[in-house]
Amino acid sequence: MRSFTSSIRWRIFTFYTGLIAIAVGLLVAINHVSAVRMMEQVEGLSLQARMMDMLPFVFGARALRPIEEGGEGRQPPRGRGGPPGRRGEGGPDREEERARLKRMAEANLRAGVFAVAMRETNERIYESKNVPEDFLVPPALPFGERRARRTGEGYLIADSTTPRGDRLILGISMTALDEKSSRDLLNGVGAGLLVLGVVAGVGFVIVSRGLEPVGVIGATAERIAAGDLSERIDVGSQRSELGKLAMILNTTFGRLQEALQRQVRFTADASHELRTPVAAILADCQYALKKDRPVERYLETIEVCHESAQHMRSLIDRLGLLAKFDARDGTEQRDAVSLREASEYAVSQILPVADERRVRVDAECSDFHVDVRGDRLRLRQAILNLLLNAVVYNREDGWVRLRCGQVEDRAFVEVEDGGVGIPKEKIGRVFERFYRVDESRNGKTGGSGLGLAICRSIVQAHGGTVTVESEVGVGSCFRMELPLA
Ligand code: ADP
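Residues numbered from 1 in each chain as written. Predicted model: local features only at pLDDT ≥ 70, side-chain atom pairs only at ≥ 80, totals over all residues. Heavy atoms only, no water.

What am I meant to see in the nonpolar core here?
As a rule of thumb, soluble globular proteins bury nonpolar side chains together. In terms of nonpolar packing, the biggest core is built from 49 residues, with Val361, Ile383, Leu387, Val400, Leu402 and Met480 touching the most fellow members. A per-element tally of this core places helix 8 (residues 376-392) first, with seven residues. Those residues in contact with Leu402 that sit more than four places away from it in its chain are Ser343, Val347, Asp362, Ala363, Glu364, Cys365, Ile383, Leu387, Val413, Glu414 and Val415. Residues Leu55, Ala115, Leu156 and Met174 belong to the second largest nonpolar core, which totals 23 residues. (Core = buried A, V, L, I, M, F, W, Y, C linked by side-chain atoms within 4.5 Å. Buried < 20%, exposed > 50% of the residue type's maximum accessible area, 1.4 Å probe, protein only. Helix = DSSP H or I, 4+ residues; strand = E, 2+ residues; numbered from the N terminus. Contact = heavy atoms within 4.5 Å.)

Mind showing me how you'd approach the state of the cysteines here?
Two cysteines, two sulfur atoms, one covalent bond between them: this is a disulfide. This model, assessed by the stated rule, comprises one disulfide. Here Cys365 connects covalently by a disulfide to Cys404, the sulfurs 2.0 Å from one another. Taking the torsion about the sulfur-sulfur bond, which here is approximately 80°, the covalent link between Cys365 and Cys404 counts as right-handed. Placement of the pair is Cys365 in the loop between strand 7 (360-364) and strand 8 (371-374) and Cys404 in strand 9 (residues 399-407), with a sequence separation of 39 residues. (Disulfide = S-S within 2.5 Å.)

Can you help me understand the sheet that holds strand 5 (residues 167-173) in this one?
Backbone hydrogen bonds hold the strands of a sheet together, and the pairing may be parallel or antiparallel. Strand order in the open sheet formed by five strands is 2-1-5-4-3, and the pairing between neighbours is antiparallel. A single partner strand is all that each edge strand has here, and the edge strands are strand 2 (124-127) and strand 3 (148-150). Here the strands of the sheet are splayed against their neighbours by 25° on average, with no regard to which way each runs. Summarising the sheet, strand 4 (residues 155-161) and strand 5 pair through seven bridges and their orientation is antiparallel. Considered in strand 5, the bridge of Asp159 is made with Ile169. Its contacts with the sheet put helix 2 (residues 8-59) on strand 1 (113-118), strand 2, strand 3, strand 4 and strand 5, and the angle it makes with strand 5 is roughly 145°. (Pairing = 2+ DSSP bridges. Axes fitted to C-alpha atoms, helices over the stretch in contact; angles between N-to-C directions.)

In this structure, what is going on with the sheet that holds strand 7? I would like to understand it.
If you walk across this open sheet you meet the five strands as 7-9-10-12-11, and the pairing is mixed. Each edge of the open sheet carries a strand with a single partner, namely strand 7 and strand 11 (465-471). Taking the axes of each pair of neighbouring strands and ignoring which way they run, one obtains an average angle of 15° across the sheet. By the bridge criterion, eight bridges tie strand 10 (residues 410-417) to strand 12 (residues 475-483) in an arrangement that is antiparallel. Within strand 12, the residue paired with Asp417 across the bridge is Ser476. Across the sheet, helix 7 (residues 339-356) lies against strand 7, strand 9, strand 10 and strand 12, angled at about 170° from strand 7, the strand it touches most.

These values are about where atoms sit, not about what they do.
Take a look at the structure:
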């Protein structure tokens, strides 16, 4: 349960549903308040209209005018039970007025409106039959002010005061209307809950479907973590951000798998490379120890052991160097290094080997005076590895040319040869560790397949690149590019 409530799906769902609940609640509340207000206004206006109709008949039109303008004097009380009349009653006009007032009173009764007319002294001169018992006459409004208002007892009243202080009050009980608005509110809340339920349900389905790939990604990642690196996330037709994430993860898993496979291959190759000299040492020692041999034979055995041990040491040194680069601390130095000087040093080191193999080496670097930043010894080594290959994989009376130069903000060293070349299908693998194009030929050259891997690690550690172009029977051209100091 806890893991469910802490899940992204649950959080999005509760947040989204909470927001919608607040919005729906606000809408229902605003709707209710405005409906109640509108109802009160409509009822108030209707009360005021009735009151304006009644007012002249209750107090007489002249009574409404201010006294200074010649309004009628104070009327004597007429008693309860019927609308008040004026002096000189009994004429035909008077009869008609009475009849109209009666009709109004009846219409009020039907509409549930009650009426009270009173003198300034609070003496009631008229009171309709339906005045509620708990109705308390509220304080009078000033003359001229006519507005409907609610009393504390739940009545909506409209009252009017004549210039003389007489009052006519019309009122209606709000109980029925309040009940209606409560019912409307309940209906509104019900409808709101229904909308909320539907929106929440749809939202939950959308969120669940949207997050489905996360579950798939998690399950696949778990299987991969358990050791099956060949597993991939089923991206399907996902074009969403999660689809992109799945693709990125698949690429990452692919790289991880490749790295692991490289690592496994590397370990196997390293042990294979070390096994050969160890086997040679063991075989020679066993042979020498089997019986007494002449001193020369022992010397030969020691020589073979020495050579094999040297080969192992060189291999171990190279492996150690590659491991350092893998740990990203292969280049400690960050000096300004002259590529011309590094190239000339490498050429001077290779010349004895080249002479021995009758390969001519030319260097075109003398007027190149640009520095790169890095480790002098390592850069010399990278150039030397390229030169060594160019001489070793060459032909008798062949040639090697080394060139330095600059293209924009990068310096380059190019080692070109007219040697055996590399087949197209193998060219992409020559920088791999322990990769050799031709195993039989390499047996003769004594290479271990680490020279170019080391060269690439050095160049990459300096922020550069190394590339190759080659054609079988024509020759090869290796080019390393480095950023300027
Ligand atoms: P190795 O120690 O075997 O020379 P490298 O990593 O230096 O290992 O080279 C990998 C392989 O690439 C070599 O075995 C060789 O077949 C091929 N190679 C490298 N440089 C050249 C070159 N200049 N000409 C032809 N083949 C080359």
